[in-house]
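The residues making up each chain are set out below.
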Amino acid sequence: EKVEITKEQKALTKVIVEAYNRHQIPQDVAKKLLQDQYSVEENFLLLTEMATSQVQVIVEFTKSIPGFLSLDHEDQIALLKGSAVEAMFLRSAQVFSKKMPNGHNGILEERIRKSGISEEFITPMFNFYKSIIGLHMSLEEQALLTAITILTPDRPYVKDHQAVEKLQEPMLDVLRKVCVLQHPQEPQYFARLLGRLTELRTLTHYHAEMLTSWRMNDHKFTPLLCEIWDVQ
Ligand SMILES: CC(C)c1onc(-c2c(Cl)cccc2Cl)c1COc1ccc(-c2ccc3[nH]c(C(=O)O)cc3c2)cc1
């Protein structure tokens, strides 16, 4: 059947994509990925700085999602805490495969590999990154999928599930149509995108264990990360 994106859906997509483009890690922070210190300590500190900056970006992006600021304030916090890691996986996936100027390795891959994360987490994490990169998502799909992830109703401690569903559903509807229009040869593309969200949930579980093992080796996080991840 002919898939039509309505005027309202076009407007919603425009708002989400503009917010996604507007809120980015500052270039001077992103450029630090290119510096040439590669010790485990250096990598951990750099990744901590990137994550802290990325959380700020995600908070600003989330505040631009129509209706988000009208949600119950405690639910707003619960949604941000419950989705921060997943939103950061989606966002960092876009730069994961970017090669260093010397062309050998990914600007992120080497640092994550040498930052005190045990191999048991590196494998699923890198498999996810490769599967996301392999989808060749458009900017609209990345922005909508990030908003959909943040607006997941069944995060821990969310009280008014229905209010969150009411915001998430229109995003799912327009993402489904965008997928059909942008990937006409792949009728299952939308289903594959949603499958990534399921895989993201398992990574959130792994991430909690990563945090514990870092803390056991006395690694310090920033106040913002401690707050969003309930550590220290
Ligand atoms: C606290 C640190 C050590 C940490 O803990 N878990 C993770 C962690 C890990 Cl490894 C994996 C996935 C999620 C988390 Cl949350 C991290 C590091 O997290 C990030 C690393 C890089 C980026 C990031 C995002 C967007 C970017 N754009 C650009 C650019 O050049 O424009 C660079 C860049 C970097 C974001 C989070």
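So, here's what we can say about the structure. (Residues numbered from 1 in each chain as written. Predicted model: local features only at pLDDT ≥ 70, side-chain atom pairs only at ≥ 80, totals over all residues. Heavy atoms only, no water.)

Details of the site of the ligand
- Surveying the vicinity of the ligand reveals 21 residues, the closest of which are M50, Q54, Y129, H207 and W214.
- Burial of the ligand by the protein amounts to 96% of the accessible area it has alone, namely 730 Å².
- The set of elements that each furnish at least two residues to the shell around the ligand consists of α3 (40-63), α4 (73-96), α9 (189-216) and α10 (223-229).
- Partitioning the shell around the ligand into residue classes produces 16 nonpolar, four polar and one charged. (Near = heavy atom within 4 Å. Areas by Shrake-Rupley, 256 points an atom, 1.4 Å probe, with all protein chains shown as cover. Helix = DSSP H or I, 4+ residues; strand = E, 2+ residues; numbered from the N terminus. Nonpolar A, V, L, I, M, F, W, Y, C, P; charged D, E, K, R; others polar.)

Some words on the packing of α4 against helix α7 (residues 139-150)
- Their axes nearest at 8 Å, the elements α4 and α7 cross at an angle of 160°. Taken together, α4 and α7 sit at an angle that is classed as roughly antiparallel. Crossing geometry of α4 relative to α7 is assigned as right-handed. Where α4 abuts α7, its residues L79, S83, E86, A87, L90 and Q94 lie against Q142, L145, T146, T149 and I150.
- Taken together, the residues of the contact of α4 with α7 break down into five nonpolar, five polar and one charged. (Axes fitted to C-alpha atoms, helices over the stretch in contact; angles between N-to-C directions. Parallel < 35°, antiparallel > 145°, perpendicular 65-115°, else oblique. Left-handed = near helix turned anticlockwise from the far one by under 90°. Contact = heavy atoms within 4.5 Å.)

Quick notes on the pattern of salt bridges
- Tallied over the entire structure, the rule returns 14 salt bridges.
- A salt bridge links K2 to E4; its shortest N-O distance comes to 3.9 Å. The residues K2 and E4 share a single accessibility class, namely exposed.
- Overlapping salt bridges, with partners in common, bring together D72, E74 and K159 in one network. (Salt bridge = Lys/Arg side-chain N within 4 Å of Asp/Glu carboxyl O. Buried < 20%, exposed > 50% of the residue type's maximum accessible area, 1.4 Å probe, protein only.)

Details of the packing of α4 against α9
- Relative to each other, α4 and α9 sit at 115°, their axes nearing to 9 Å. When the axis of α4 is compared with that of α9, the two are roughly perpendicular. Classified by chirality, the crossing of α9 by α4 is right-handed. Contacts between α4 and α9 involve V85, E86, F89 and L90 from the first element and L200, R201, L203, T204 and H207 from the second.
- In terms of residue class, the contact of α4 with α9 is built from five nonpolar, two polar and two charged.

Considerations on the nonpolar core
- Ranked by internal contacts, the top residues of the largest apolar core, which has 77 residues, are I16, I112, M171 and W229.
- Residue assignment for this core shows that the elements contributing at least two residues are α1 (7-22), α3, α4, α6 (119-134), α7, α8 (161-182), α9 and α10.
- Counting residues per element, this core draws most heavily on α4, at eleven residues.
- For M171, the contacting residues outside a window of four places in its chain are L12, I16, I65, L144, A147, I148 and L151. (Core = buried A, V, L, I, M, F, W, Y, C linked by side-chain atoms within 4.5 Å.)

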